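# Secondary and tertiary structure notes
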Amino acid sequence: MAAVEPSASEVPQITHSSLPAGRNEGLAAIGGNVGSVNRAWWTWSPGNGTFNLQLSWNVIGIDSTVVITASEIDSNGNRFVGAAAFQVSSIAPGNGVVTFKISIGWNSPLPMRTDVVVFN
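We now turn to the structure provided with this report. (Residues numbered from 1 in each chain as written. Predicted model: local features only at pLDDT ≥ 70, side-chain atom pairs only at ≥ 80, totals over all residues. Heavy atoms only, no water.)

## What to know about the packing of aromatic side chains
Under the counting rule described, the total for this entry stands at two aromatic pairs. Here the aromatic rings of Trp-42 and Trp-57 are separated by 5.6 Å at their centres, their planes lie at 75°, and the arrangement is edge-to-face. Of this pair, Trp-42 sits in strand β3 (residues 37-47) while Trp-57 sits in the loop between β4 (49-56) and β5 (65-73), and the two are 15 residues apart along the sequence. On the numbers, 6.4 Å between centres and 80° between planes, the contact of Trp-44 with Phe-100 is edge-to-face. Pair noted here: Trp-44 is in strand β3 and Phe-100 is in strand β8 (residues 97-105), with a separation of 56 residues, a long-range link. (Phe/Tyr/Trp six-rings, centres within 6.5 Å; stacked < 30°, edge-to-face > 60°. Helix = DSSP H or I, 4+ residues; strand = E, 2+ residues; numbered from the N terminus.)

So, in structure tokens, the structure goes:
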């Protein structure tokens, strides 16, 4: 699900990810009220403007805490801080999915990578 706001370019699409949706690695005991932590990343086709994007991942539940960061990437997929502003907001986890808003403040489409950490 991706909604485009009026000033946006074509909606970014996933081009690559760090792991298949079903992968879950064993972790050391975390303690407190956190039972598991999972991390993955996705690269996206170029975009600019503001979009509602969605990622499907079976470790996400309605009560998960999801942290998402976004960065511009070069042609090799390496993250870097350029002149464009990348902002992630309105993160809403659901059962097996997270929806979020991304704003890419640049006048032409830029490729990006999102890194996602899920606390359960």
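## A look at the environment of Asn-38
Mapped onto the elements, Asn-38 comes out in strand β3. Of the residues examined, Asn-38 reaches a relative accessible area of 7% and is grouped as buried. (Buried < 20%, exposed > 50% of the residue type's maximum accessible area, 1.4 Å probe, protein only.)

## Looking at the pairing of β8
In terms of residue burial, β8 counts as a mostly covered element, since seven of its nine residues are buried. With eight bridges joining them, β4 and β8 adopt antiparallel strand pairing. Within β8, the position partnered with Gln-54 by the bridge is Thr-99. Sheet topology note: the strand β7 (residues 85-94)/β8 ladder contains eight bridges and is antiparallel. Of the residues in β8, the one forming a bridge with Val-88 is Ile-102. (Pairing = 2+ DSSP bridges.)

## Description of the nonpolar core
Residues Leu-53, Trp-57, Ile-102, Met-112 and Val-116 are the most contacted members of the largest nonpolar core, which totals 23 residues. Contact partners of Met-112, with chain neighbours within four places excluded, come to Pro-12, Trp-42, Thr-43, Trp-44, Leu-53, Ala-70, Ser-71, Glu-72, Ile-73, Phe-86, Ile-102 and Ile-104. (Core = buried A, V, L, I, M, F, W, Y, C linked by side-chain atoms within 4.5 Å. Contact = heavy atoms within 4.5 Å.)

## Here we look at the environment of Ser-9
You can see Ser-9 is positioned in the loop between β1 (3-4) and β2 (14-17). Residues Ser-9 and Asn-107, spaced 98 residues apart in sequence, show a C-alpha to C-alpha distance of 9.2 Å.

## What about the environment of Ser-75?
By the secondary structure assignment, Ser-75 is in the loop between β5 and β6 (79-80). When its relative accessible area of 77% is taken as the criterion, Ser-75 is described as exposed. Spatially, the C-alpha atom of Ser-75 lies 8.6 Å from that of Pro-111, the residues being 36 residues apart in sequence.

## Considerations on the pattern of salt bridges
Applying the stated criterion to the full structure yields three salt bridges. One salt bridge connects Asp-115 with Arg-79, and the closest N-O pair in it is separated by 3.2 Å. Placement of the pair is Asp-115 in strand β9 (residues 110-119) and Arg-79 in strand β6, with a sequence separation of 36 residues. Taking the relative accessible area as the measure of exposure, Asp-115 reaches 7% and is therefore buried. Put simply, Arg-39, Arg-79, Arg-113 and Asp-115 are held in one network by salt bridges that share partners. (Salt bridge = Lys/Arg side-chain N within 4 Å of Asp/Glu carboxyl O.)

In short, shape yes, function no, at least from these values alone.
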